[in-house]
There are 2 protein chains.
Amino acid sequence: MSERAVSDDLMKTIVSLCKRRGFVFQSSDIYGGLKSAYDYGPLGIELKRNLMNEWWRAMVHSREDVVGLDASIVMHTKVWEASGHLAGFRDPLVDCQVCKERFRADKAPKLAAGEPAPMAFADKGRAKAALAALEQAGETGLTRSKKAIRGAVGSERGYVCPNCGSPFLSAERAFNLMFRSSIGPVDPMGDIAAFIEGGDLPAGTELRARLEELIRPSAVYLRPETAQAMFVQFLNIQQSMGLKVPFGIAQMGKSFRNEITVEHFTFRSCEFEQMEMEFFCEPGTDDTWLDYWKQARMEWWQKFANDPDKFRLRAHEPDELAHYAKGCYDIEYLYPWGWGELEGVANRTDYDLQKHAKYSGSKLEYFDPVERKRYTPFVIEPAAGATRGVLTYLVDAYFEEEVVTQKGTDVRTVLKLHPQLAPIKVAVMPLVKKNGMPEKAREVVESFFQRGINAKYDAQHAIGKRYRRHDEVGTPWCLTIDGQTMEDGTITLRDRDTMEQRRISIDNAVHEIEQLLRD
Amino acid sequence: MSERAVSDDLMKTIVSLCKRRGFVFQSSDIYGGLKSAYDYGPLGIELKRNLMNEWWRAMVHSREDVVGLDASIVMHTKVWEASGHLAGFRDPLVDCQVCKERFRADKAPKLAAGEPAPMAFADKGRAKAALAALEQAGETGLTRSKKAIRGAVGSERGYVCPNCGSPFLSAERAFNLMFRSSIGPVDPMGDIAAFIEGGDLPAGTELRARLEELIRPSAVYLRPETAQAMFVQFLNIQQSMGLKVPFGIAQMGKSFRNEITVEHFTFRSCEFEQMEMEFFCEPGTDDTWLDYWKQARMEWWQKFANDPDKFRLRAHEPDELAHYAKGCYDIEYLYPWGWGELEGVANRTDYDLQKHAKYSGSKLEYFDPVERKRYTPFVIEPAAGATRGVLTYLVDAYFEEEVVTQKGTDVRTVLKLHPQLAPIKVAVMPLVKKNGMPEKAREVVESFFQRGINAKYDAQHAIGKRYRRHDEVGTPWCLTIDGQTMEDGTITLRDRDTMEQRRISIDNAVHEIEQLLRD
C-alpha cells in the first residue's frame, strides 16, 4: 500500500473510533451534518477539558507572572479595524472556469508558466463537455483522451485548479474570513428593502458600497482569534492586578473563521478552540523571551506525548513572517498527512498595542516604577490550537498491538493517552454481577467521585472485553473486584500499557491512583 | 434613602469593585464598550471557572448516569427550524411614536384601556415639541404643564411606552432573537447586489421574501441555548456510551441572544454562558425526576451561599408554562432589584425528541433491553445560567463590616465567597521584604503551585493593607511569613471571615489548606 493510503487509512480509523466511542461527532449529524463543525462527545469533552486545564495550570496557576482573561466572542467592530482583520484578513479566492471549483489561490497546486497543465475529470462525459466549452471560448491546441485533456499550459499566475488541473481561472477575489452578524433591534435587511423601495438605485461598485453602508452600523463579527482581547484589555488588567512588566495574559476559548478549505477532520474547521497567551515585556528583552517561550511550549507539548520526536520547532523564513512579526517559530506535529502547525510562538513587537492606541485614543503604555520610564511593551505570543491539540494526542496515542491470548494472537487497539489527559482515569469492575461484587465496586467508584477523580463503573460483558474497551478509550487503570476481594480486601490493578496486573488493598485504591496520577 | 436607591447603590458598588479588582470589565472598553458584552478579568475568570467546574463535578463527574457534551455553537439551520427558534423565538417589538423608543411589548408598563396615560419628558423643550407633533397628527384634548403632557388615555393594547409613558405606539413587530451569519465562500450581499442589478424589483412583502430567499442558502445562526445539541446528539451519545435510560447529557458553554432589553450588569446580556443538562427518562417517571432535580439543583445553589434564604423555588403557573412543558420550576434569587431567574427546571416531555425525529427523519427512540420495549424518552431539563451564577454569588458574598482597629473603628469590604469558588485560595505574604522572608514565601507559593492550588505571592504595602485587599477579592486564607518563621518554622494562618490568626507549621501549610478546602 502507498504511504498516502496508509495515512488516509489511519485518519479514517481515528475518525471512526472517535464516533464509535463518543469522542467526536459530526455536528448536527442527524441533519446530514454541518460542514466542518464538530461536537465533542462524552469522552472527547473530557479529553479536551483535561488538555485545556493542563494548559491553564502550566500557563496561569503555576506562575506568578501570568493571569487569565475570558473575553466576549463578539467585540466592538473597531477592534477588528485596528487589528487589520476587517481589511486584511482575507483569502484570495479563485473560480476555475472549467469545473467551477472555488478555491484559495495560496493553497492551490503550483505550476510554472509555460509548463504542461494536464486536466482530468471524473468521467469521459465531463471531459468532452469541458473541451467543447473551452473550444467555444476560443482555446486551441487541446486534445482529449478518455477522461483527460492535454495541450494546456500553466499561466503567469503560477497555479492551477486543485480539482481538475485547469489553468483557466477567474481573477483572484478577496474574501473576508470573519463571520459577520448584526446586533441590535434593527435588522439591516429591513433597511436594504427600504433602500430598494426608495428607487434610483446605483450599480456596480457604488451599489456594493451603499449596501455595505447599510449593514455597517449594526455589523458585528465573531472573533477570528482570542488574542486581540488581551491587547484591548491590557491596561484594565495591568492596573486592576497591579502587574509589573514582564507579565502575560492568557485566554482559552472559541474562535471562528469562515474557512474555504476545511481539511483533515478537526485540523482545520470553521469553529475551533484556542489557547493563547500574550506576554508583555520590555523592548530589548523580547528576543530572550521569544527563546524562552518557544522552548517552554515545545517541552509542554512533548511532555504528554508517546513520541516526542514527532514534534518540531520550525523558524519562519523571513518571507514567511507576518508583517508585524520580528520572529516566529511554529511548533509542528508530524500528522499522518505531513507536518502541520500546532502552535505559533511569535514576537509581535509593539505592533498591536500601538495600533489599538492609535485607533482608540487610549495610551496603551506601561510606566516602570523602578526605572521611572514609560514605554510600549513588546509582546511574545504563544498561540496554540486546543482542538488541534486534541487531534494531535489522539494520533500520537493510537496503537494497534499484537497480543498473545489463550486463543492465540490477537490485535488490541490502545489509546496510550497520558494519564492526565485520559478521559476516564480508572474503570472499576466487578468480575461478576453477583456475590456482593457490584455493591463493592460501587463503593470504590463513590470514593473516587468524592476525590473528583473521573471513575467509571463497568459491569457489561466479560472481563477481557471490558479491558479491551477501556484500552481503546485510553483508560490508564482498571480495578477489578473478584472473589478474593470479598475474602481479603484486595483488588487487582491492571495497567493499560503493560497489561500487567497486581493486587492492592481496596482501602488504598484511591491513594494509589492519586499517586500514579501525580507521577 | 429609598429601597430602590439602596439597591442601585449596591449594584453600582459591585460593578465598580468588579472593574477595580479585575473581576469583570466592559468588553472593548477602550473603544467605548460594546453594549451588554462583558469580559471576565483575571479574578472573574477564576470565579467563573470554579463555579462551572463545581457544576461539572456535581452533574457529570460524581454521577454514573450523566455524561458530557461540547457541541459547536454554529449548528445546522434545520436544528432551529425543528426547535421552533427560527419561527417562534421572537420578541414583539414596538416603537413609541412620540419619543421613538423601541421596546418589548411584553416588558412594557401595563395600562388598562381608558385609564389616564400621563407622559413625561426630559425637559420642557421636548414636551413642547412632542405636544406640537401630536396635535399636528390630529390628537386633541392634550395639555402641557412644564415637562408633562396630560389628557391621553390608555389604548386597547394595554401598555404604554416605558420611556415617556405615551400610548401612541407603532404596530407590534416580530424580531428574531437569534444572531444570523452566513457560512461558505459566497457572500449573500453579492447575490443581493446582483439581484438589484437584475432590475424588475418587487416591493413590500414580496421584496422581503425575495431577500430572505437570497440569504437563506448560506444562513447560519449562533445557538440561543445549548440544549438542542443534546437532543440532536441523543442517539450518537446513547449508543457510543452504551447508556441505559434514565441518563443525562450535560453541556456548558456560550449562547447568544440579540436581546433588546439588556439589564442589571451581566444579568441579561447578548452573549452569556449556560450550564444545561437534559435528563432522559421513561414516560411515567418524569414527575418523580422533575421533583428530584428541582430539589438537587436548589440544594446545589444553596450549598455555596452565605444566605440560602435568598434562593427560592417557584412553580410556574399553568399560563406561564412553555407550550411544550408539562411542569417547570424556576430557581430564583433575590437580587438587589428583586427576584430573578437563575435556573429553570422543566419537564419538556418528549417534545424535542419528537420534533427532531420528524424534521430529520431519524428515529430518536430508546429500546429498553430488559422490558423489550421501544419508546421516546421524556426529558427533565435543569438549565442554569453560569454568568448569572457568578453575579449571584458576587451579590451574596458582598459585605461591608465594621471592624475595630488600633486607630478606632473602620469598615472593611469582604467578599465571603465559598472557598471552592474563591479565585485565589491562599495569599502568601512575607511580613517584610528582607531577612529571607520573600524567598521563604516563594517556596511556600511554589508548593501550592505543585498541588494545583491557586496561590498568590503578595509583598506590596503594609500587611494590614494586604489583608484588606485579599478580603475584598474573597481570598479565604492568608499565610504570613514573619521573624518567628525564620526561627521556629511556623507561619500565621489568617481566616478571611473571622479575621482570626493562628500559627501552623510551614511544612504543614499545603496539607492544612487542602484539608480546609475539602471541609
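Structure's up top.
Residues numbered from 1 in each chain as written. Chains lettered and ligands numbered in written order. Predicted model: local features only at pLDDT ≥ 70, side-chain atom pairs only at ≥ 80, totals over all residues. Heavy atoms only, no water.

*Asks:* What's the story with the side chain of His-356 of chain B in this structure? I'm lost.
*Replies:* Position of His-356 of chain B relative to the elements: it lies in helix α11 (residues 351-360). The residues touching His-356 of chain B, leaving out its near neighbours within four places in the chain, are Ile-30 and Tyr-31 of chain A together with Val-79, Ala-82, Ser-83, Gln-228, Phe-231, Val-232, Gly-361 and Leu-364 of chain B. (Helix = DSSP H or I, 4+ residues; strand = E, 2+ residues; numbered from the N terminus. Contact = heavy atoms within 4.5 Å.)

*Asks:* Would you take a moment to explain the packing of aromatic side chains for this structure?
*Replies:* For any two aromatic rings, the description comes down to two numbers: the centre-to-centre distance and the angle of the planes. Throughout the structure, instances matching the rule amount to 48 aromatic pairs over all chains. Arranged with centres 5.7 Å apart and planes meeting at 65°, the rings of Tyr-366 of chain A and Tyr-375 of chain A form a pair that is edge-to-face. What makes Tyr-375 of chain A buried here is its relative accessible area of 10%. Aromatic pair Phe-267 of chain B and Tyr-335 of chain B: ring centres 5.1 Å apart, planes at 70°, arrangement edge-to-face. Taken together, the residues span a long stretch of sequence, with Phe-267 of chain B in the loop between β13 (247-256) and β14 (271-281) and Tyr-335 of chain B in strand β16 (residues 327-335) at a distance of 68 residues. Here Phe-267 of chain B matches Tyr-335 of chain B in class, with each residue buried. Through successive ring pairs, a cluster of aromatic residues spans Phe-267, Trp-300, Trp-301, Phe-304, Phe-311, Tyr-333, Tyr-335, Trp-337 and Tyr-393 of chain A. (Phe/Tyr/Trp six-rings, centres within 6.5 Å; stacked < 30°, edge-to-face > 60°. Buried < 20%, exposed > 50% of the residue type's maximum accessible area, 1.4 Å probe, protein only.)

*Asks:* Sorry if this is basic, but what is going on with helix α10 (residues 286-303) of chain B here?
*Replies:* Every α-helix carries 3.6 residues per turn, so stepping three or four residues along brings you back to the same face. All names here are of chain B. Helix length check: α10, at 18 residues, gives a terminal C-alpha distance of 25 Å against a target of 26 Å (1.5 Å per residue), a fit within 8%. Buried residues of α10: Asp-286, Leu-290, Trp-293, Lys-294, Arg-297, Met-298, Trp-300 and Trp-301, and no others. Buried residues of α10, viewed axially, fall in a sector of 160°; they line one side. Exposed and oriented more than 90 degrees from the buried face of α10 are Thr-288 and Lys-303. (Expected span 1.5 Å × (residues − 1). Arc of directions from axis to C-beta.)

*Asks:* I tried to follow the interface of chain A and chain B on my own but got confused; where do I start?
*Replies:* Think of interface size as the accessible area that goes away when the parts come together; that is how it is often given. Listed as interface residues are 106 residues of chain A and, on the opposing side, 105 residues of chain B. In total, chain A and chain B occlude about 8700 Å² of area from one another, counting both sides; carbon and sulfur atoms represent 56% of this. Run the count over chain A and chain B and you get six salt bridges. With a shortest N-O distance of 3.5 Å, Arg-208 of chain B and Glu-197 of chain A are connected by a salt bridge. Viewed at the interface, chain B and chain A are joined by 43 residue pairs in polar contact (both at pLDDT 80 or more). The leading source of residues in the side of chain A that touches chain B is helix α2 (residues 42-61) of chain A, at 11 residues. Residue composition of the side of chain A that touches chain B, by class: 50 nonpolar, 29 polar and 27 charged. (Buried area = accessible area lost by both parts, 1.4 Å probe. Salt bridge = Lys/Arg side-chain N within 4 Å of Asp/Glu carboxyl O. Polar contact = N/O pair within 3.5 Å; in protein donor to acceptor, adjacent residues only side chain to side chain. Nonpolar A, V, L, I, M, F, W, Y, C, P; charged D, E, K, R; others polar.)

*Asks:* What should I look at first to understand the sheet that holds strand β8 (residues 143-145) of chain B in this one?
*Replies:* What links the strands of a sheet is backbone hydrogen bonding, and the strands pair in either a parallel or an antiparallel sense. Residue and element names in this part refer to chain B. An order of β7-β9-β8 is seen for the three strands of this open sheet, with the pairing classed as antiparallel. Both edges of this open sheet fall to β7 (119-120) and β8, since each of them pairs with a single strand only. With two bridges connecting them, β7 and strand β9 (residues 148-150) associate as antiparallel partners. Across the sheet, the residue bridging to Met-119 is Ile-149, located in β9. (Pairing = 2+ DSSP bridges.)

*Asks:* Is there a simple way to explain the state of the cysteines in this structure?
*Replies:* Working definition of a disulfide: a covalent bond connecting the sulfur atoms of two cysteines. All names here are of chain B. One pass over the structure, following the stated rule, counts zero disulfides over all chains. Not part of a disulfide, Cys-328 finds its nearest cysteine sulfur in Cys-281, a span of 15 Å. Given the relative accessible area of 11%, Cys-328 is considered buried. The thiol of Cys-478 is unpaired, and the distance to the nearest cysteine sulfur, on Cys-18, comes to 20 Å. A relative accessible area of 1% places Cys-478 in the buried class. (Disulfide = S-S within 2.5 Å.)

*Asks:* What am I meant to see in the side chain of Thr-475 of chain B here?
*Replies:* Residue and element names in this part refer to chain B. Along the chain, Thr-475 falls in the loop between α14 (463-472) and β25 (477-481). In this structure Thr-475 comes out as buried when scored by relative accessible area, which is 1%. One polar contact links Thr-475 to His-470, side chain to side chain, over a distance of 2.9 Å. With residues up to four places along the chain from it excluded, the contact list for Thr-475 reads Ile-424, Lys-425, Val-426, Ala-427, His-470 and Arg-496.

*Asks:* I keep staring at the sheet that holds strand β27 (residues 501-505) of chain A and nothing clicks. Help me out?
*Replies:* Residues and elements named next belong to chain A. Spatially, the five strands line up as an open sheet ordered β24-β23-β25-β26-β27, and their pairing is mixed. Each edge of the open sheet carries a strand with a single partner, namely β24 (455-457) and β27. When strand polarity is set aside, the average angle formed by the axes of neighbouring strands in this sheet is 25°. With three bridges connecting them, strand β23 (residues 426-430) and β24 associate as parallel partners. When the sheet's bridge partners are listed, Val-426 is paired in β24 with Ala-455. Strands β23, β24, β25 (477-481), β26 (490-495) and β27 of the sheet are contacted by helix α14 (residues 463-473), whose axis makes an angle of about 170° with β23. (Axes fitted to C-alpha atoms, helices over the stretch in contact; angles between N-to-C directions.)

*Asks:* For this particular structure, what's the right way to read unusual backbone geometry?
*Replies:* Only a minority of non-glycine residues have a phi that is not negative, and only a minority of peptide bonds are not trans. In this model, Val-245 of chain A is joined to Pro-246 of chain A through a cis peptide bond whose omega is 5°. With respect to the helices and strands, Pro-246 of chain A occurs in the loop between α9 (234-241) and β13 (247-256). Even without being a glycine, Arg-372 of chain A presents a positive backbone phi close to 50°. Relative to the helices and strands, Arg-372 of chain A is located in the loop between β18 (366-368) and β19 (373-375). Given a relative accessible area of 63%, Arg-372 of chain A falls into the exposed group. Positive phi is not limited to glycine here, since Thr-349 of chain B has a value of about 55°. Looking at where Thr-349 of chain B falls in the secondary structure, it is placed in strand β17 (residues 338-349). A relative accessible area of 13% means that Thr-349 of chain B is categorised as buried.

*Asks:* What exactly am I supposed to notice about the environment of Glu-54 of chain B here?
*Replies:* Residue and element names in this part refer to chain B. Mapping Glu-54 onto the fold places it in helix α2 (residues 42-61). Here the alpha-carbon distance between Glu-54 and Leu-421, two residues 367 residues apart in the chain, equals 8.3 Å. Beyond its immediate stretch of four places on either side in the chain, Glu-54 contacts Trp-300, Phe-304, Gln-420 and Leu-421.

*Asks:* Please explain the relation of the copies chain A and chain B as it appears in this structure.
*Replies:* One copy of the chain maps onto the second through a rotation around an axis plus a translation along that axis. Mapping chain A onto chain B calls for a rotation angle of 180° and an axial translation of 0.0 Å; the resulting RMSD is 0.2 Å. Classification of the inter-copy transformation places it as that of a two-fold axis. When each C-alpha of chain A is compared by its distance to the rotation axis, Ser-181 of chain A comes out closest, at 2.4 Å. The residues that chain A uses at the interface reappear at the interface of chain B in 99% of cases, marking a shared surface. (Least-squares fit on C-alpha atoms with pLDDT ≥ 70 in both.)

*Asks:* Where do I start with the pattern of salt bridges in this structure?
*Replies:* Close approach of charged atoms allows side chains with opposite charge to pair. All names here are of chain A. In the structure shown here, the tally under the stated rule is 72 salt bridges over all chains. A salt bridge links Lys-326 to Asp-287; its shortest N-O distance comes to 3.4 Å. Taken as a pair, Lys-326 in the loop between β15 (311-315) and β16 (327-335) and Asp-287 in helix α10 (residues 286-303) lie far apart in primary sequence, 39 residues in all. By relative accessible area, which is 45% here, Lys-326 ends up partly exposed.

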